[in-house]
Each structure stands twice: as structure tokens, then as C-alpha cells.
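Each chain, written out:
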Protein chains: 2
Amino acid sequence: MVISNKKSSKGELARERILAQALALADAAGLDALTIGSLADAVGKSKSGVFAHFGAREDLLLAVLDEATQRFGNQVFVPAMKLKRGLPRLRAILTNAVRFYRDIPHGCLILSAAHEFDDQPGPIRDAVIHYLRRLQAELLRAVNHAQDAGELRDGVDSELLAFECFGVFLAAHHSLKALRDPHGITMAERAITGLLDRAARVA
Amino acid sequence: MVISNKKSSKGELARERILAQALALADAAGLDALTIGSLADAVGKSKSGVFAHFGAREDLLLAVLDEATQRFGNQVFVPAMKLKRGLPRLRAILTNAVRFYRDIPHGCLILSAAHEFDDQPGPIRDAVIHYLRRLQAELLRAVNHAQDAGELRDGVDSELLAFECFGVFLAAHHSLKALRDPHGITMAERAITGLLDRAARVA
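Okay, so let's go over this structure. (Residues numbered from 1 in each chain as written. Chains lettered and ligands numbered in written order. Predicted model: local features only at pLDDT ≥ 70, side-chain atom pairs only at ≥ 80, totals over all residues. Heavy atoms only, no water.)

A word on the packing of aromatic side chains
Residues and elements named next belong to chain A.
Here is step 1 of the chain: Under the definition given, this model contains 12 aromatic pairs over all chains.
Here is step 2 of the chain: Measuring from ring centre to ring centre gives 6.1 Å for Tyr101 and Phe169, while their planes differ by 80 degrees; the resulting arrangement is edge-to-face. Placement of Tyr101 in helix H5 (residues 87–103) and of Phe169 in helix H8 (residues 158–178) is noted, with a sequence separation of 68 residues between them. Take Tyr101 and Phe169: they sit in the same class, and that class is buried.
Here is step 3 of the chain: With a centroid separation of 6.3 Å and 35 degrees between ring planes, the pair formed by Phe166 and Phe169 is classed as tilted. Residue Phe166 and its partner Phe169 are both found in helix H8; the two are separated by 3 residues, about one turn of the helix. (Phe/Tyr/Trp six-rings, centres within 6.5 Å; stacked < 30°, edge-to-face > 60°. Helix = DSSP H or I, 4+ residues; strand = E, 2+ residues; numbered from the N terminus. Buried < 20%, exposed > 50% of the residue type's maximum accessible area, 1.4 Å probe, protein only.)

Quick look at the interface of chain B and chain A
Interface extent is often summarised as the accessible area lost during association of the parts.
Here is step 1 of the chain: With 37 residues of chain B at the interface, the matching set in chain A holds 37 residues.
Here is step 2 of the chain: A buried area of about 3400 Å², summed over both sides, lies between chain B and chain A, and 56% of it is on carbon and sulfur atoms.
Here is step 3 of the chain: Considering only the side of chain B, the residues that lose the most area to chain A are His115, Phe163 and Leu179 of chain B, jointly responsible for 19% of the buried surface there.
Here is step 4 of the chain: Applying the counting criterion to the chain B and chain A interface returns 9 salt bridges.
Here is step 5 of the chain: Here chain B is connected to chain A by 13 residue pairs in polar contact (both at pLDDT 80 or more).
Here is step 6 of the chain: The set of elements that each furnish at least two residues to the side of chain B that touches chain A consists of helix H6 (109–116), helix H7 (123–148), helix H8 (158–178) and helix H9 (184–199) of chain B.
Here is step 7 of the chain: The dominant element in the side of chain B that touches chain A, judged by the number of residues it contributes, is H8 of chain B, at 14 residues.
Here is step 8 of the chain: Considered class by class, the residues forming the side of chain B that touches chain A number 16 nonpolar, 10 polar and 11 charged. (Contact = heavy atoms within 4.5 Å. Buried area = accessible area lost by both parts, 1.4 Å probe. Salt bridge = Lys/Arg side-chain N within 4 Å of Asp/Glu carboxyl O. Polar contact = N/O pair within 3.5 Å; in protein donor to acceptor, adjacent residues only side chain to side chain. Nonpolar A, V, L, I, M, F, W, Y, C, P; charged D, E, K, R; others polar.)

Overview of empty space enclosed by the protein
Here is step 1 of the chain: According to the stated counting rule, one finds 7 cavities of 30 Å³ or more in the structure shown.
Here is step 2 of the chain: What the largest cavity holds in volume is close to 310 Å³.
Here is step 3 of the chain: Along the wall of the largest cavity there are 24 residues; nearest its centre are His115 and Leu170 of chain A together with His115, Leu170 and His174 of chain B.
Here is step 4 of the chain: Roughly 130 Å³ of volume is contained in the second largest cavity.
Here is step 5 of the chain: Taken together, 16 residues make up the lining of the second largest cavity; nearest its centre are Glu164 and Val168 of chain A together with Glu164, Gly167 and Val168 of chain B.
Here is step 6 of the chain: Of the residues contributing to the lining of the second largest cavity, the split by class is 10 nonpolar, 2 polar and 4 charged. (1 Å grid on protein atoms, 1.4 Å probe; cavity = no way out; pocket = protein on both sides within 12 Å on 5 of 7 lines; lining within 4 Å. Points joined across faces, edges and corners; volume = space filled by probe spheres on them.)

Quick word on unusual backbone geometry
Here is step 1 of the chain: In this structure, Arg180 of chain A is a non-glycine residue whose phi angle is positive, near 50 degrees.
Here is step 2 of the chain: Tracing the sequence through the fold places Arg180 of chain A in the loop between H8 and helix H9 (184–199).

Thoughts on the packing of helix H1 (residues 10–29) of chain A against helix H2 (residues 36–43) of chain A
Residue and element names in this part refer to chain A.
Here is step 1 of the chain: Between H1 and H2, whose axes approach to 10 Å, the crossing angle comes to 115 degrees. Taken together, the axes of H1 and H2 lie roughly perpendicular to each other. Considering only the axes of H1 and H2, their crossing is right-handed. Across from Arg17, Ile18, Gln21, Ala22 and Leu25 in H1, the residues of H2 making contact are Ser38, Leu39, Ala42 and Val43.
Here is step 2 of the chain: Of the residues in the contact of H1 with H2, the class split is 6 nonpolar, 2 polar and 1 charged. (Axes fitted to C-alpha atoms, helices over the stretch in contact; angles between N-to-C directions. Parallel < 35°, antiparallel > 145°, perpendicular 65-115°, else oblique. Left-handed = near helix turned anticlockwise from the far one by under 90°.)

Here we look at the relation of the copies chain B and chain A
Here is step 1 of the chain: Taken as rigid bodies, chain B and chain A are interconverted by a rotation of 180 degrees and an axial shift of 0.0 Å, the fit giving an RMSD of 0.0 Å. The superposition operator between the copies reduces to a two-fold rotation axis. When each C-alpha of chain B is compared by its distance to the rotation axis, Gly167 of chain B comes out closest, at 2.3 Å.
Here is step 2 of the chain: Looking at the interface residues of chain B, 100% of them are also at the interface in chain A, so both copies use one shared face. (Least-squares fit on C-alpha atoms with pLDDT ≥ 70 in both.)

Some words on H9 of chain B
Here is step 1 of the chain: With 16 residues, H9 of chain B extends 22 Å from end C-alpha to end C-alpha; this agrees with the ideal 22 Å at 1.5 Å per step.
Here is step 2 of the chain: For H9 of chain B, the secondary structure elements touched by its buried residues are H8 of chain A together with helix H5 (87–103) and H8 of chain B. (Expected span 1.5 Å × (residues − 1).)

A few points about the pattern of salt bridges
Here is step 1 of the chain: On inspection of all chains with the given rule, the structure shows 25 salt bridges over all chains.
Here is step 2 of the chain: Residue Arg141 of chain A is joined to Glu138 of chain A by a salt bridge in which the shortest nitrogen-to-oxygen separation is 3.6 Å. Taken together, the residues span about one helical turn, with Arg141 of chain A and Glu138 of chain A both in helix H7 (residues 123–148) at a distance of 3 residues.
Here is step 3 of the chain: Among the residues examined, Arg141 of chain A registers a relative accessible area of 47% and is labelled partly exposed.
Here is step 4 of the chain: Accessibility expressed as a relative area gives 17% for Glu138 of chain A, which makes it buried.
Here is step 5 of the chain: When the shortest N-O distance is used, the salt bridge between Arg190 of chain A and Asp157 of chain B registers 2.1 Å. Taken together, the residues Arg190 of chain A in helix H9 and Asp157 of chain B in the loop between H7 and H8 connect one chain to another.
Here is step 6 of the chain: A single network of salt bridges, built from pairs that share partners, joins Asp118 and Asp119 of chain A together with Arg180 of chain B.

Re the layout of surface pockets
Here is step 1 of the chain: Space inside the largest pocket adds up to approximately 650 Å³.
Here is step 2 of the chain: Taken together, 32 residues form the lining of the largest pocket, with His115 and Glu116 of chain A together with Ser112, His115 and Glu116 of chain B sitting closest to its centre.
Here is step 3 of the chain: Among the elements of the structure, H1 and helix H6 (109–116) of chain A together with helix H1 (10–29) and H6 of chain B are those that each provide at least two residues to the lining of the largest pocket.
Here is step 4 of the chain: Partitioned by chemical class, the residues of the lining of the largest pocket number 10 nonpolar, 12 polar and 10 charged.

This is the structure in C-alpha cells:
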């Protein structure tokens, strides 16, 4: 969830361009459908040309997952970090995530990969679980900031509130993507408002 | 979401046995991995023997989805229907669903199929959406019963509460299945208690 600022050599630029294409392919057809061959066709290179940048297919998939996580971080967490710690930042994280889900055509790659690789133990599934746990940890951290700042009512269970925030993420993603329900965005935004208003200390 | 009570002929019994095996295969490897051929191998019949019961693969998949929905209904809604309309029934639906997700080894077939067939327009995706919308409608109906019985606080938005209930379903399923987090059951049950306690009219 960090913006990459590394200086790019020509080779790194080529790798970034191929990786962007790999992410687009995975977005469209699922991570499990992505192969060195399909990516080589899409970028007009030989398989060995793609292999030279990423190594084996598993390494390519791990790189795509990392790229998808950075995209989510850049659109959801980075703008929220500019806001004050506590409820303003937590509200921004939730609202940005719902809008990210609304705007991404094929749904969240990490959430889809959680289903696709659910029964395929190995490095890909481990990486998906790692990213999802990190997301949950970031949500809990944002809730804890609000609690530390005295913005939450006495007795609010921060772990439970973070779990409920994650439930809003999932319900929003599900409504918008699986059900193609345009009303999902309104429901999700009302759910965020309700959740945070109920948790907030009344002035 | 109705228990099947039809009288079974020999042919119907054979079909039910094959369908149970088809559901088990789809549970284990995903609906999209199920074919007439893999099912024929699993039940020790010829492809044409399986075809005779279900017709083409698409009809088989639709029958499996229907069977999965009936299983969910039998374990989640049927026991809840024995309880009083309103909060007792709503609480039972939510609790039963979370326990269903806990006990089913590979996760909910309908939720997985929602991801698998997300980008494959056609009768399977239509059926998945139909079942998920019916689930949401049942949740809303249970919430409305509680509201009609005067059990909810003034100003509770029943549509929003049903959306939040669905969020608890998804968060529970996600924690238990994608993240293999055994703590997910506790979190989900606390989320249900919190959600309904906040919505309930204080006596």
C-alpha cells in the first residue's frame, strides 16, 4: 500500500508496461486464467521475453497480485492518509473503497482470487490471505486511531467495528459486481454513515 | 427454499443420488469444474447415462445450483420458520447461516459461483443472481416482520438493516472460508448480536 517511486531503467519500464497488461488481463478473465503465453500474445512478445521479466508463471501471478494491492492502496488508503487520523480517515477509507469497487469494471482482483485459489494451497493463496489480513489490520488500525482520539462511544468494540467495516466492503463489492445492482453504492454509503454514526461519541 | 417431499420413483431416486454426487463434486472443485464426464466417472455410469437424467451440462449445473439452494434453505430458513416472526426468526436465520458456513467444508456454492460466473453471461449467472436476490428478499422480509411487530426502534431503515445482515453473511463466509480464520465464527456471532441489539426497541 505504498506508491512506488523507484527510478525506472528501460528494463523496468518494459516490465511495468507488461505488468500493467497482465493486471488488465487478470482483471478481465481472473488471475487463474493468466499464463505466460496469454500475456506474451497480449503484449506481442515471445514467451521467453515475458519469462525474462517475471520468471515462472507463479512469480508473474504474485507480481500481479502485488500490483493489484498497490492500485487499491493508491486509490483507497493514500488519499485517506491525508486526512486527520480517526473518524475522518476511517470514513474516507470506507468511502474510497466502495467507489473503487464501483469504478473497477470486473471487481476486485484480490477478492476474486480469494475464491479462485480457495482450494489451491500454495504461494498464491498465501499471498491473497496475506493481503486480505493486511487490509483487515489497516481497518483495525484506523478504528483504533478513532478510539484513541476519544471519538468513539464508550464500550465500542474496535475489533468488531473493524469486522463490520469489512462486511460493508464485501456487501458493497457483492452488490455492485456479482448482482450488478447500481443501488449497491447508495446502500453501501448509507451503511457506512450508519455504522460510523452509531459508533461515534455524541458531542 | 422448500423441502422436497415428492414421491420418488426408481428413476427419481437414481437422479437424486447422482445429483448428490454432483453437488459434492461442485462443492469440492467449484461449479465451473463440473462436467457430464467428470460426474459420470464419479458415479460409475456412462456419459449418456448421466445425460439421460439431466440433459446438457448447463441443465446439470442449474440442477446443482437448485440443490445447493435447497440445502441452504433446509438448514437455515426451515428451522428459523418454526420460531416467532420478527426478531427471534431474524436472529435464527443469521445464526443458522453463519453455522452453515462454518460447517460446510468448501464454502457456499452459490457465493463461489457468483465469482466463477461473474463474467459469463447466460442462464447460470442469471440463476445465481436470482438465488442471491431471493436470499436478500427473504432477509428483508424477516426484517419487515420485526418492524411490523413493533420490535425495532423508530427510524430503523429496514432495507439498510437487511443489507447489513447480508454484509454479516459475507464477512462470516469470507473469514471462515477464504481466510480460514476460526475466530470468524465468534466475530460473526458478535456482529449479529450487535446489529440486532442496536436495531431493537429498548423495552
